[in-house]
Amino acid sequence: MTKLIVTKDMSERKNKMIELGDAFIAFPGGTGTLEEIAEVMSKVSLKHLNAPCILYNLNNCASHSRYFSDELDAQFFIKIS
């Protein structure tokens, strides 16, 4: 990071993050982190964004997310790659 960017709300923050990002890595965090990475994953799955999207599975924190995406694929044919 070389610059602090202040935004008025989460929506503006996500838009700016996506505009400036080349790749997205989510470390374990709170609901804001989950919202941010879910937005990126959604745009990637809809082919509105072509960028790597990584959930860093520190201390097995993202294991449930992998199970959830596998279930979406199996039950509803929604592919999250």
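Predicted model only: the values in this text are computed from it and were never measured.

Calculation criteria
Residues numbered from 1 in each chain as written. Predicted model: local features only at pLDDT ≥ 70, side-chain atom pairs only at ≥ 80, totals over all residues. Heavy atoms only, no water. Helix = DSSP H or I, 4+ residues; strand = E, 2+ residues; numbered from the N terminus. Buried < 20%, exposed > 50% of the residue type's maximum accessible area, 1.4 Å probe, protein only. Areas by Shrake-Rupley, 256 points an atom, 1.4 Å probe, with all protein chains shown as cover. Salt bridge = Lys/Arg side-chain N within 4 Å of Asp/Glu carboxyl O. Contact = heavy atoms within 4.5 Å. Phe/Tyr/Trp six-rings, centres within 6.5 Å; stacked < 30°, edge-to-face > 60°. Core = buried A, V, L, I, M, F, W, Y, C linked by side-chain atoms within 4.5 Å.

How would you sum up the overall build of the chain? Please name residues and give values.
In terms of helices and strands, the chain carries three helices and two strands. Reading the chain from its N end, one meets helices and strands in the order α-β-α-β-α. Across the 81 residues of the chain, 16% fall into the buried class. Per element, the accessible surface of the chain, about 6,500 Å² overall, is 56% carbon and sulfur.

Account for the pattern of salt bridges, with residues named and values stated.
Using the criterion set out here, one finds four salt bridges in the structure. Residue glutamate 19 is joined to lysine 16 by a salt bridge in which the shortest nitrogen-to-oxygen separation is 3.6 Å. Pair noted here: glutamate 19 and lysine 16 are both in helix α1 (residues 10–20), with a separation of three residues, about one helical turn. On the basis of relative accessible area, glutamate 19 is assigned to the exposed category, the value being 57%. Beyond isolated ion pairs, a larger network of salt bridges with shared partners links Lys14, Glu35 and Glu39.

Before we move on, could you go through the environment of proline 52 and cite the residues and values that matter?
Counting through the fold element by element, proline 52 comes out in the loop between α2 (31–45) and β2 (53–55). With relative accessibility at 47%, the residue proline 52 sits in the partly exposed group. Distance from proline 52 to valine 40, taken between C-alpha atoms, is 9.4 Å for residues 12 residues apart in sequence. Aside from chain neighbours lying at most four places away, what touches proline 52 is Asp22, Ala23 and Phe24.

Explain the packing of aromatic side chains to me, and be specific about the residues and the numbers.
Under the counting rule described, the total for this entry stands at one aromatic pair. Their ring planes at 50° and their centres at 5.0 Å tell us that phenylalanine 27 and tyrosine 56 sit as a pair that is tilted. Of this pair, phenylalanine 27 sits in the loop between β1 (24–26) and α2 while tyrosine 56 sits in the loop between β2 and α3 (63–76); the two residues are 29 residues apart in sequence, bridging distant segments of the chain. Accessibility expressed as a relative area gives 40% for tyrosine 56, which makes it partly exposed.

Any details on the nonpolar core? Residues and values, ideally.
With seven residues, the main nonpolar core is built from Ile18, Phe24, Ala26, Ile37, Val40, Leu49 and Ala51. Secondary structure elements with two or more residues in this core: β1 and α2. Those residues in contact with phenylalanine 24 that lie beyond four places of it in its chain are Met17, Ile18, Ile37, Val40, Leu49, Ala51, Pro52, Cys53 and Ile54.

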